[in-house]
Amino acid sequence: MIVTLTANPSLDRLVPLAGPLERGAVLRSAAAVDQPGGKGVNVARVVAAGGRTAVAVLPGHPDDPLLLALRELHLVHRAVPIAAHSRVNLTLAEPDGTTTKVNAPGAPLDAGARAGLAEALRREAAGARWVALSGSLPPGVDDDWYGRLVAQLRSTGARVAVDTSGAALLATAGPDAPSSSTALPDLLKPNAEELAELTGLAAPGRGGAAGAELEADPVAAAEAASTLVERGVETVLVTLGGAGALLVTADGAWHAVHEPVTPVSTVGAGDSTLAGYLLAELDGAAEAERLAVAVAHGTAAVQLPGSTLPGPEHVQRDRVTTRRL
Ligand SMILES: O=P(O)(O)OC[C@@]1(O)O[C@H](CO)[C@@H](O)[C@@H]1O
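Residues numbered from 1 in each chain as written. Predicted model: local features only at pLDDT ≥ 70, side-chain atom pairs only at ≥ 80, totals over all residues. Heavy atoms only, no water.

## Notes on the pairing of strand β13 (residues 252-258)
Then step 1. Within β13, 6 of the 7 residues are buried, leaving the element largely enclosed by the surrounding structure.
Then step 2. In this antiparallel pair of consecutive strands, strand β12 (residues 245-249) and β13, the connection spans 2 residues.
Then step 3. Inspection of the sheet shows β13 paired to strand β14 (residues 320-324) by 5 bridges, in the antiparallel sense. Within β14, the residue paired with W254 across the bridge is R324. (Buried < 20%, exposed > 50% of the residue type's maximum accessible area, 1.4 Å probe, protein only. Helix = DSSP H or I, 4+ residues; strand = E, 2+ residues; numbered from the N terminus. Pairing = 2+ DSSP bridges.)

Structure (structure tokens):
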């Protein structure tokens, strides 16, 4: 079983533009489509679609349309009541497959909500193989909250994956994060830009150019990721956009790439990659195969519109090649 936490869930609104995105213009779109989202919700949806039990833990107002959508999808979830509705995150989709995302700050979490989420996580984690702490932290939450949750979850025996960004990521596994291994996740899933910021190749918030260089040079990216392994993170799964993904552990580094595809929307690709990795790990696959299944899931997501997530019918494992670096 896999448990996910989405501290900052969102209703993802896909706005399919009739033409290219033009600043300052009046644009026409087809009807917008809403999907329940947030990174942990997405991971749970892909894991459940893959035939494994997934439980999504999240904050939610009892009348939140997001919770209604989760019920309609039959996604097992535990919602900790809060006073505000979830944010709406916009995806502006251009006909050529370019997506522009506008993510809102989200509903604040007060001390009671944070304690409720931590308690729900501990309860669910007791029977789980993995807990994934996914996405940004909403207003009112300290940057080091994920690290503290990782430490609290140790006693449950579940392994913990973290996929976040910005200050929360640096506080979890950056050079100044607590070096105590109990607070470090078992699995970290940065993209190339986040990896550059985590490893000092770029200043916080300025990882774009260095990230692009790492995407083009998987060996350099693997070297950067290995510094995180030296810091005490057991497994680093780095997504490299169209260049596939890397898996780095103390035992070595692997790079996997999918045959080229035509991207429709990259939203949810990272979450699908993580879900694919976890599904393969639950199946007992070795490193290279876990990475291949991860990349196959991420690439499947890229070929689906908006926040639509892949099921096994979309995943083409045989189009992925893996090499040991
Ligand atoms: O603002 P965050 O939490 O970093 O990201 C939120 C988000 O962009 O992540 C998912 C895709 O990965 C979407 O469902 C959602 O809108």
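## Re the packing of helix α7 (residues 208-216) against helix α8 (residues 218-231)
Then step 1. Two numbers describe how α7 lies on α8: the axes approach to 5 Å, and their chain directions differ by 115°. When the axes of α7 and α8 are compared, the pair comes out roughly perpendicular. Facing L214, E215 and A216 of α7, the residues of α8 in contact are P218, A220 and A221.
Then step 2. Residue composition of the contact of α7 with α8, grouped by class: 5 nonpolar, no polar and 1 charged. (Axes fitted to C-alpha atoms, helices over the stretch in contact; angles between N-to-C directions. Parallel < 35°, antiparallel > 145°, perpendicular 65-115°, else oblique. Contact = heavy atoms within 4.5 Å. Nonpolar A, V, L, I, M, F, W, Y, C, P; charged D, E, K, R; others polar.)

## Some points on the pattern of salt bridges
Then step 1. Scanning the entire structure with this criterion turns up 12 salt bridges.
Then step 2. Close ionic contact of E281 with R129 constitutes a salt bridge, the shortest N to O distance being 2.5 Å. Linking E281 in helix α9 (residues 269-282) with R129 in the loop between α3 (111-125) and β8 (130-134), this pair joins segments that are 152 residues apart in sequence.
Then step 3. Residue classification places R129 among the partly exposed residues on the basis of a relative accessible area of 39%.
Then step 4. For the salt bridge of R148 with D142, the shortest nitrogen-to-oxygen distance reads 3.6 Å.
Then step 5. Taking relative accessible area as the criterion, R148 reaches 38% and is therefore assigned partly exposed.
Then step 6. On the accessibility criterion, D142 (49% relative accessible area) is partly exposed.
Then step 7. Salt bridges here are not isolated pairs; linked through shared partners, they connect E119, R122 and R123. (Salt bridge = Lys/Arg side-chain N within 4 Å of Asp/Glu carboxyl O.)

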